Structure formats: structure tokens, C-alpha cells
Amino acid sequence: MNEERSGIEVAVVSGLSGAGRSTAAKCLEDLGWFVVDNLPPELISTMVELGARSSGAITRVAVVMDVRSRAFTEDLGSVIKDLDARGYKPRVLFLEATDEVLVRRFEQVRRGHPLQGEGRLADGIATERSLLSKLRAEADLVLDTTGLSVHQLRAKIEDAFGTESGTSTRVTVLSFGYKYGLPMDADLVMDCRFLPNPFWIPELRDFNGLDDEVRNYVLGQEGAEEFLSGYQQLLRLVGAGYHREGKRYLTLALGCTGGKHRSVTLTEELARRLADDDGVMVKTVHRDLGRE
């Protein structure tokens, strides 16, 4: 597309109620898109223009639309043509499913269809399908979610709208001290207290796990290398499973007594090794370093 000219990518997400628009919106948000839900059609062009003028703060805008506005289809069609004429070339994603599946989904959440009025649920679905037929015909991508799980739908959207960084697993490796309590946001916690504590070595006590003196000592201890290599292998297995389930953020916590020596060194070394794995973006946090 002409991203070079406009400086911004634009996507319009629409489709049948119950077909997965909310899931698509959350997925696009995770991929780094600026997502606006149910913006009136006449304001879409203004929103895109504001994004284009944001000096790079917003580079991808996704607008999620439904039929809560009766003038929806005609107005939205005009807006898409207007954006196209301005050089933004919006991509239109249309989500659908069979009537049987849509009925079942509405019944599961015990909600009525926005267009059924005093009629049956099936009547609302039929009305919406008719109203959106023209938009569906002009969509760039039509996804039938009838047989898709939430994770499978996310994977399809990532393939269509993601970037390499957007689909990466973002890993935070965090060191902490047990005496200050467990980190509440940790997905996995490992105890580093099986290694000798540099605190009890006078010449190392005042250093921390970022210093070469402590680093060399900790990594040179029996079991340190086996722990790092084994844990990395385990994380590859766990990370692949998380990725299949659509989990893109993972916090690994490594703890020692005070969060100053062993956990800091092992956090830095584990993060360095994980950064070499494909599809992983890593950062380190030392929660309790300097707290003593």
C-alpha cells in the first residue's frame, strides 16, 4: 500500500454481530494498532487525519464498525472511498459465521441481536447479513469464524495484519528478593537460592549481580550452567505453547534472598540467551536491586 505517501496504515473491521469483532479488535491492539471501536462513519476520516499528523506516534489505525447505526453501510462505503481517494488505501476485514453458530453464540451470552427488534434472533441475523452484503463483497479479507477457536482467529489476523515485532513473544525477565515478597505479575517463578550466596563472601558483599566480580562467581558455581541451559529449553517449550494459545507477554521471575546478587546475574544471563531465540523480544527488570 502507499504507506510511504500517507505515513499511516488504515484498517476497517466489520462483519456480522457475534462473528468475532471484539476478538479482532483486541488482537489488532496487541499488534500495535490504534483501535477505535464504533466510531461514527463521518468521523473516521478525521480520526485518520489526526493519526497521520501525530509525527509518528500513531502509524496504524484500525476502526471497528457495526450496524448500530442504520445509515452504517452507505456512510461507511462513502468513507472508505474518501480515504482511498486521499491515498490511505484502507484494508477492510469482514468477519462472518453461519446462522447456526451465530445463534448459538448469542444464546450462550444471553443477549439479543441489535437488529432483531420485536422479532426472533434469526430475523436480526438475516437483516444484518442483508445490510452488509455489499460491504462483504468489497472487503479485502473475509474471515469465516464458524469453525475457528479464539486462538485460531487471532493467528489468522496476526498473519494478515501483524509485523515481525508485533507477533513476537515479549518476555520480561525479572529479578527479586524473597524477603521483599513474590512479584504479583510473574507467570513463572524460579528460586536461585540453590547457589552459594555471594553475600557471605566479604570481598563480594558490596558488589551486585551486574558487576563482573559477582557475575563470574555466580556463573562459575556448580549447577549454574545446567540451570540456565535447562531452563532455557523449558522456556522454549512453554513459550511455544503460550504462542499457540495467543499469549504474547510473559514475565519470568528469578529470586534470591535479597534480589542483589544471584538473581540479578542469572536474570541478565538468561535474558541474553533468550534474546538469541527467534520470535522473542526480551527486557530485564531488577525489582529490588539497590533496595537494601
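Residues numbered from 1 in each chain as written. Predicted model: local features only at pLDDT ≥ 70, side-chain atom pairs only at ≥ 80, totals over all residues. Heavy atoms only, no water.

Engineer: I keep staring at the UniProt feature "binding site: GTP" (unreviewed entry) in the protein chain and nothing clicks. Help me out?
Structural biologist: Residues annotated in UniProt with the feature "binding site: GTP" (unreviewed entry) correspond here to D66, V67, R68 and S69. Among the annotated residues just listed, those that line the largest pocket are D66 and R68. Examined against the element boundaries, D66 turns out to sit in the loop between strand 3 (60-64) and helix 4 (72-85). On the basis of relative accessibility, which here comes to 7%, the residue D66 falls in the buried class. (UniProt positions renumbered as here; feature names shortened; annotations may be inferred. 1 Å grid on protein atoms, 1.4 Å probe; cavity = no way out; pocket = protein on both sides within 12 Å on 5 of 7 lines; lining within 4 Å. Helix = DSSP H or I, 4+ residues; strand = E, 2+ residues; numbered from the N terminus. Buried < 20%, exposed > 50% of the residue type's maximum accessible area, 1.4 Å probe, protein only.)

Engineer: Looking at this structure, how should I read the UniProt feature "binding site: ATP" (unreviewed entry) in the protein chain?
Structural biologist: Feature annotation in UniProt places "binding site: ATP" (unreviewed entry) on G15, L16, S17, G18, A19, G20, R21 and S22, given in this structure's numbering. Restricting the annotated residues to those that line the largest pocket leaves L16, S17, G18, A19, G20, R21 and S22. Mapped onto the secondary structure, G15 falls in strand 1 (residues 9-15). The residues touching G15, leaving out its near neighbours within four places in the chain, are R21, F94, L95, E128 and L132. Looking at G20, the relative accessible area reads 18%, which means it is buried. Not counting the four nearest positions on each side in its chain, G20 is found in contact with L95 and L153. (Contact = heavy atoms within 4.5 Å.)

Engineer: Where do I start with the environment of V67 in this structure?
Structural biologist: Topologically, V67 is positioned in the loop between strand 3 and helix 4. As a C-alpha pair, V67 and P114 span 47 residues in sequence and 7.8 Å in three-dimensional space.

Engineer: Would you take a moment to explain the packing of aromatic side chains for this structure?
Structural biologist: Each aromatic ring pair is summarised here by two numbers: the centre-to-centre distance and the angle between the ring planes. Inspection of every chain in the model, using the stated rule, returns 5 aromatic pairs. Aromatic pair W33 and F161: ring centres 5.9 Å apart, planes at 80 degrees, arrangement edge-to-face. You can see W33 sitting in the loop between helix 2 (21-30) and strand 2 (34-37) and its partner F161 sitting in helix 8 (residues 150-161), a full 128 residues away along the chain. In this pair, the class of W33 matches that of F161, namely buried. Ring centres 5.0 Å apart and planes at 85 degrees place the aromatic pair F199 and W200 in the edge-to-face group. These aromatic residues form a ring-pair network of at least three members: F194, F227 and Y231. Stacked on the ring of Y178, the Lys or Arg R193 has its end atom at 3.7 Å from the ring centre. Here the basic side chain of R205 rests over the ring of F199, its NZ or CZ set 4.5 Å away from the ring centre. (Phe/Tyr/Trp six-rings, centres within 6.5 Å; stacked < 30°, edge-to-face > 60°. Lys NZ or Arg CZ within 6 Å of the ring centre and 35° of its normal.)

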